[in-house]
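The residues making up each chain are set out below.
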Amino acid sequence: MTALLAAEDLSRRFAARGLFRRGRPVQAVAGVSLAIARGEAVGLVGESGSGKSTIGRLVLGLLAPDAGRVLLEGTDLASLREAARRRVRRRLQLVFQDPYSSLDPRRRVGRQIADGLAIHRLAPPAQRRERVAALLAQVGLAPEHAERFPHQFSGGQRQRIGIARALATGPEFLVADEPVSALDVSVQAQVLALLADLRTRLGLALLFISHDLPVVRSLCDRVVVLYLGRIMEEGPASEVLRHPRHPYTRALLAAAPGDPLRPRARILLRGDPPSPADPPSGCVFRTRCPYVLAECAQVVPALRSGGPGHRFACIRDDVETTLPAPTA
Amino acid sequence: MRRLNWLPVAAVAAIAIVALATPLLPLPDPLAMDIAGRLAPPSRAHWLGQDQYGRDVLSRLLWGSRVSLGVAVLACGAAVALGTALGLAGGFLGRLAELLALRSMDIVLCFPPLLLALLVVTLLGPGAATLVPLLALLYLPGFVRVVYAGVLSVRSQDYAEAMRALGATRLRIMTRTILPNIGGPILVQFSLTMASAIVLESGLSFLGLGVVPPAPSWGLMIGAARSTMAQAPLLLLWPCLALSLTILAMNALCDALRDAVDPQRAPRPAGLRGTLAPHAPSLAPDGDALLALRGLTVEIDTPAGAIRPVRDVSLRLSPGETLALVGESGSGKSLTGLAAMGLLPPAARVVAGDIRVDGRDLRRLDETALRRLRGTAMAMVFQDPLSSLNPVHRIGAQIGEAVRAHHRLPARAVRERAVGLLRRVGIPDPERRARSFAHELSGGMRQRAMIAMAIANDPRLLIADEPTTALDTTVQAQILELISGLKRQGGMAILFITHSLPVVAEIADTLAVMYAGEIVEQGAAAALFARPLHPYTAALLASVPGEDGALPRSIPGTVPAPHDLPPGCRFAPRCAHRRDACEAAHPPLAPVGDDRLTRCIRWRDFAGTRPSAETAA
Ligand SMILES: Nc1ncnc2c1ncn2[C@@H]1O[C@H](COP(=O)(O)OP(=O)(O)OP(=O)(O)O)[C@@H](O)[C@H]1O
Ligand code: SF4
Ligand code: SF4
Ligand SMILES: [Mg+2]
């Protein structure tokens, strides 16, 4: 299976902003590799600041990596010239988290959906109205909605409009950056169903960014768990979520509020994630890990195999059978 | 575009037309002197009188408007055009352009404006031809900065990023996305600058640095009238009046334009306070309930008429109990919580019902008494801790402030109490954290600090409005743990407002589900989860992603808008169990067995069919 899109060893840091530009640069992404096949849905899971959005923008070529490369069917995005890169954008699209800031408040939504058609000359102006109506229908909205302004829609409807705008160019790969986390549960389900439907109908490959494991499990074939810009664990969704090998994945699963009928024992992590400007030595998770050992401060655990297609970065093998250390 | 307010447009147009048409009007020559008519009062031939040389004041006023307005329009037009170009280049074309555009403006700003004016006029000599470039230069930095700041803020918005993701060229993003969105601020700046330019032109002319006499100009007229103020005070009045009216009209026009180009700006709701209805019937105290709402109905005036986003809500909360109020956004749950705190926004008012906290009738209390209750009897925690904490005060001082609102204590004791509270909510190293500012804390720590503030005076009732929604999963679990800990230790009653059923499962004893402003189901949490008796509750449960990884089931349609409620059952348009009878009458919230209420007439046929119950069993 050749990958539609492959990221190799991506790293990206941001200069620390501040009044006097002091402070260390933030290592938002460190040595992340990903491969996404045609039509595959990969979930990227992690807490806020773990670098999920940065990876999304790196693989779309909206942000340049400091190291590593992004290959679209074997072609390095960085090797393309400006005009060629703009043409490639047609095949790679983005759906945003915030349904309020992702649409231009001053333009009718029909025109915003038509932008992609106009930019890539996919439809002559005379046919655009029709194409916009078809796109709106595809996301469950009516043609007359094209004439409205964004503020006249609910959050869920705006998210659909954002998806319609992304679909306008007929992309093969969609990055959805927390597309449902700003929505009500009942509306979340609508948007998830829409994404799942589009995936099967259009054969879209999907990088689904989320901090919500149950949501990822319902939509994705594979999961990648991120902590402080590094991959902690990855593999088939069912496998990783049923037999998590990494203590962080276990903690995330335990913390995720799941089925209300089945409250579960939880592993409470201490404290907050450390600042990406000052990551711990050795294993980056060790300051919060309930399974931490003395060696964890010395070695950076490499990703190793935990089954077919399943890899994790922890030096311990016994987390599934051991109870976590009691937390404070 | 929204409807434009035509009054200011008409006013400015009238001023402009008069100025433009002045040469065509049958006016006396503004320069013709008439020594005999020196300082003559208004007459039939000279409607506004004559000045110290006997020249016609009306004629000079109108000819002067041409000069004043002409200079201002030309100068501001040049400044806005050049400034927008420079600001766009600086914000959009990369580092070098940014450096050049901003630094050159800093140089202009280094000169005090009046000094610069004096310098230029001394070098080039007075006159309108000098004034225009001079004023344009003076106002240029203002425009560059407004445009530059606008570009930066719009460029960081997701919709600008979306254009980039679509592969749009810079030119397209600049013209289609950025310019329209910074039009408002530019218009505002333009109105300020026009007004300021008219004033500055008059000021410079008054000082003899602007328009050269005998040419008419408002500034010159004011200057001349000053010396004859005692004999002819009216001469001072006319040009001042012309100046003020023009500036007023300009400002009003620009406000109207800004409103008109912003499709989002809704007319403000008429503010109507009055949560207090002293004649409301008073009911007997509600047993030992800490919070008792009865038939609470809240009304808000909107441009589309009055709406009632909360209708007939009754809740009862005993000490040590946690009641979760669950509903989608817009269901009225936050307004209910705010009403219970006596904190409704100004446009909202309680039109019916009874709110009792600890036996006291909130609707009969005045603001002072309410303030005393807040903090001691009841306290509130909000969703977004960053916007609820004051950014310029240290965390410890803010918590101390909450302590001091109700206790007179020496400063040291207050400080110790604040540190103790931070420790109680589980903040590590509380002494050091007390000296931090809000932005130095993580989201979880901020929420802990907010909770510390809320419990500073040991309230018996805590109202928490989506306190974990903005937090990460692992941190959310910590905060839920903290809140249930508070409940276990202190017997605090908690009203927990949320849209997330799984979160509720962790901490709620009882549950009230709200839909479109009213409670549709109420009962013990466990019973409600096991066997929902309202289709909406069942649908909400099914919309949570299940353990088995099945796609969650969505509820078709959307929540009805409050001014467009369906007749009969409010949930009928989205309900899978609807019958004609459902739409015939509005179902009451009816008791079903012990402590269970549902607002569904078909609960018997429907009971027990929780969609995902089979898989979870
Ligand atoms: N433009 C930027 N300048 C400076 N720092 C940045 C920038 N963008 C991201 N960062 C930092 O990089 C780190 C990773 O950010 P990123 O937005 O990728 O996280 P995320 O996992 O998407 O988080 P969230 O769930 O909050 O969206 C964070 O510490 C963030 O503050
Ligand atoms: S390497 Fe050590 S600290 Fe890191 S996850 Fe494994 S046990 Fe925990
Ligand atoms: S009353 Fe009828 S429409 Fe309303 S919730 Fe019950 S079954 Fe559905
Ligand atoms: Mg993000």
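Up top you'll find the structure we're talking about.
Predicted model, so just to flag it, every value in this text is computed and none were measured. One numbering rule holds for all chains: residues counted from 1, following each sequence as written. Starting at A for chains and at 1 for ligands, labels are handed out in the order in which the entities are written. A pLDDT threshold of at least 70 governs which residues receive local features in this predicted model, and a stricter bar of 80 or more applies before side-chain atom pairs are shown or counted, although totals over entire chains, interfaces and linings include all residues. In computing side-chain properties, one takes all heavy atoms of the structure into account and sets aside hydrogens as well as water.

(A) Broad picture of the overall build of chain A. Here a helix means four or more residues in a row that DSSP labels H or I, a strand means two or more in a row labelled E, and each is numbered from the N terminus. Assigned secondary structure in chain A consists of 9 helices and 12 strands. In terms of principal-axis extent, the alpha carbons of chain A reach across some 70 × 50 × 50 Å. Three labels apply to residues, based on accessible area from a 1.4 Å probe with only protein chains included: buried if under 20% of the type maximum, exposed if over 50%, partly exposed otherwise in between. Counting all 328 residues of chain A, 57% fall into the buried class. If you take every contact in chain A between residues at least 6 apart in sequence, the share linking residues at least 24 apart comes to 64%. Accessible surface computed for chain A: about 13500 Å², of which carbon and sulfur atoms make up 51%. By definition, residues are in contact when any of their heavy atoms lie within 4.5 Å. Reported accessibility uses the Shrake-Rupley method at a 1.4 Å probe radius. Residues are deemed covered only where the shown protein chains occlude them.

(B) Broad picture of the pattern of salt bridges. Here a salt bridge means any side-chain nitrogen of Lys or Arg lying within 4 Å of a carboxyl oxygen belonging to Asp or Glu. A full pass over the atoms with the stated rule returns 45 salt bridges over all chains. Among the ionic pairs, Asp115(A) bridges to Arg172(B), the shortest N-O distance being 3.6 Å. One end of the pair, Asp115(A), is in helix 3 (residues 109–119); the other, Arg172(B), is in helix 7 (residues 170–206), on a second chain. Overall, Asp115(A) belongs to the buried group, its relative accessible area being 2%. Across the pair Glu234(A) and Arg222(A) runs a salt bridge whose closest N-O atoms are separated by 3.8 Å. Of the two residues, Glu234(A) is situated in strand 10 (residues 230–236) and Arg222(A) in strand 9 (residues 222–227); the sequence distance between them amounts to 12 residues. Note on Glu234(A): relative accessible area 7%, which makes it buried.

(C) Quick look at the nonpolar core. For this analysis, a nonpolar core means a set of buried residues of the types Ala, Val, Leu, Ile, Met, Phe, Trp, Tyr and Cys, connected via side-chain atoms within 4.5 Å. In this structure, Leu61(B), Leu88(B), Leu135(B), Val151(B), Ile178(B), Ile182(B) and Trp218(B) are the most contacted members of the largest nonpolar core, which totals 64 residues. Of all the secondary structure elements, the ones that give two or more residues to this core are helix 1 (6–21), helix 2 (57–92), helix 4 (113–124), helix 5 (128–155), helix 6 (158–165), helix 7, helix 8 (218–227) and helix 9 (234–261) of chain B. Per-element tally for this core: the top contributor is helix 2 of chain B, with 13 residues. Once residues within four sequence positions are removed from consideration, Ile178(B) is found in contact with Leu88(B), Phe92(B), Val151(B), Val154(B), Arg155(B) and Ile173(B). Counting residues in hydrophobic clusters, the runner-up holds 59 residues, among them Val109(A), Ile113(A), Ile163(A) and Leu213(A).

(D) Highlighting the site of ligand 3. Taken together, His534(B), Pro535(B), Cys569(B), Ala572(B), Cys575(B), His577(B), Cys582(B), Cys600(B), Ile601(B) and Arg602(B) form the complete shell of residues around ligand 3. Under the convention adopted here, Pro, Cys and the residues Ala, Val, Leu, Ile, Met, Phe, Trp and Tyr are nonpolar, Asp, Glu, Lys and Arg are charged, and Gly plus all remaining residues are polar. Class assignment for the residues of the shell around ligand 3 results in 7 nonpolar, 2 polar and 1 charged. Being near a molecule or strand, for a residue, means having at least one of its heavy atoms within 4 Å of it.

(E) Spatial organisation of the packing of aromatic side chains. Pairing of aromatic rings covers Phe, Tyr and the six-membered ring of Trp, with a centre-to-centre limit of 6.5 Å; geometry is then stacked below 30 degrees between planes, edge-to-face above 60, and tilted otherwise. For the structure shown, the criterion picks out 6 aromatic pairs over all chains. Members of the aromatic cluster, each reached through a chain of ring pairs, are Tyr227(A), Tyr248(A) and Phe285(A).

(F) Representation of the pairing of strand 2 (residues 305–317) of chain B within the structure. Residue and element names in this part refer to chain B. Paired strands, in this sense, are two strands between which DSSP finds at least two bridges. Sheet analysis places strand 1 (residues 291–302) next to strand 2, joined by 8 bridges and oriented antiparallel. Looking at strand 2, one finds that Ile-300 is bridged to Ile-307. Taken together, strand 1 and the strand that follows it, strand 2, pair antiparallel across an intervening segment of 2 residues.

(G) Quick peek at the side chain of Gln112(A). All names here are of chain A. Mapping Gln-112 onto the fold places it in helix 3. Pairs of N or O atoms within 3.5 Å make up the polar contacts considered here, provided that, within protein, one atom can donate a hydrogen while the other can accept it, and that residues adjacent in sequence are counted only when both atoms are side-chain atoms. Looking at Gln-112, its side chain comes within polar contact range of the main-chain oxygen of Asp-104, at 2.7 Å. There is a polar contact of 2.9 Å between the side chain of Gln-112 and the backbone oxygen of Arg-107. If near-sequence neighbours (up to four positions away) are discounted, Gln-112 is found in contact with Leu-103, Asp-104, Arg-107, Pro-150 and Arg-165.

(H) Representation of the site of ligand 1 within the structure. Residue and element names in this part refer to chain A. In the neighbourhood of ligand 1, 14 residues make up the surrounding shell, with Gly-49, Gly-51, Lys-52, Ser-53 and Thr-54 lying closest. Measuring from an oxygen atom of ligand 1, one finds a backbone N or O atom of Ser-50 at 3.2 Å. In the model, an oxygen atom of ligand 1 is placed 2.6 Å from a nitrogen or oxygen of the Ser-53 side chain. A total of 630 Å² of accessible area belongs to ligand 1 in isolation, and the protein chains cover 68% of it. Mapped by element, the contributors of at least two residues to the shell around ligand 1 are strand 2 (26–36) and helix 1 (52–59).

(I) Inspection of the packing of helix 5 (residues 155–167) of chain A against helix 6 (residues 185–202) of chain A at higher detail. Residues and elements named next belong to chain A. All axes here are fitted lines through C-alpha atoms, helices being fitted over the stretch that makes contact, and every angle between N-to-C directions spans 0 to 180 degrees. Orientation of helix 5 relative to helix 6, taken along the N-to-C sense of each, is 20°, at an axis distance of 9 Å. Compared by their axis directions, helix 5 and helix 6 come out roughly parallel. Like other packed secondary-structure pairs, helix 5 and helix 6 cross with a definite hand, here right-handed. Residues Gly-156, Gln-159, Arg-160, Ile-163 and Leu-167 of helix 5 lie in contact with helix 6, whose contacting residues are Val-187, Gln-190, Val-191, Leu-194, Leu-195, Leu-198 and Leu-202. With respect to orientation, any angle under 35 degrees is reported as roughly parallel, any angle over 145 as roughly antiparallel, any angle of 65 to 115 as roughly perpendicular, and every other angle as oblique. With the far helix as reference, a near helix turned anticlockwise by less than a right angle produces a left-handed crossing, and one turned clockwise produces a right-handed crossing.

(J) Looking closely at a nonpolar patch on the surface. All names here are of chain B. Together, Leu-234, Leu-237, Leu-241, Leu-245 and Leu-248 make up an exposed nonpolar region whose accessible area comes to about 450 Å². Residue placement: Leu-241 occurs in helix 9. Overall, the relative accessible area of 39% leaves Leu-241 in the partly exposed class. The patch calculation keeps residues exceeding 30% relative accessible area without a salt bridge and links them within 9 Å when they carry like charges or within 5 Å when they are nonpolar (Val, Leu, Ile, Met, Phe, Trp, Tyr).

(K) Focus on the environment of Trp47(B). All names here are of chain B. Relative to the elements of secondary structure, Trp-47 occurs in the loop between helix 1 and helix 2. Using a relative accessible area of 61% as the deciding quantity, one classes Trp-47 as exposed. For Trp-47 and Leu-237, which are 190 residues apart along the polypeptide, the C-alpha to C-alpha distance reads 14 Å. With sequence-adjacent residues up to four places away left out, Trp-47 is seen in contact with Pro-42, Asp-56 and Leu-58.

(L) Broad picture of the sheet that holds strand 5 (residues 360–361) of chain B. Residue and element names in this part refer to chain B. With antiparallel pairing, the 4 strands of this open sheet are ordered in space as 2-1-4-5. Every other strand in the sheet has two partners, leaving strand 2 and strand 5 as the edge strands with one partner each. Two strands pair when backbone bridges link them, and strand 1 and strand 4 (residues 348–357) are joined in this way by 8 bridges, in the antiparallel orientation. Residue pairing in the sheet places Ile-300 in a bridge with Ala-348 of strand 4.

(M) How the structure looks around the layout of surface pockets. All names here are of chain B. For each structure, a 1 Å grid was placed over the protein atoms alone; sets of points admitting a 1.4 Å probe that cannot get out are labelled cavities, open sets with protein on both sides within 12 Å along at least five of seven lines are labelled pockets, and lining residues have an atom within 4 Å of a point. Grid points are joined across faces, edges and corners, and a volume is the space filled by probe spheres set on the points. For the second largest pocket, the calculated volume is near 640 Å³. Along its surface, the second largest pocket is lined by 21 residues, and Arg-374, Gly-375, Met-380, Ala-402 and Met-453 are the ones closest to its centre. Of all elements in the fold, only helix 11 (367–376), strand 6 (378–381), helix 13 (395–404) and helix 16 (443–454) reach the threshold of two or more residues within the lining of the second largest pocket. Here the lining of the second largest pocket is composed, by residue class, of 11 nonpolar, 6 polar and 4 charged.

Remember that the coordinates give geometry; whether it matters functionally is a separate question.
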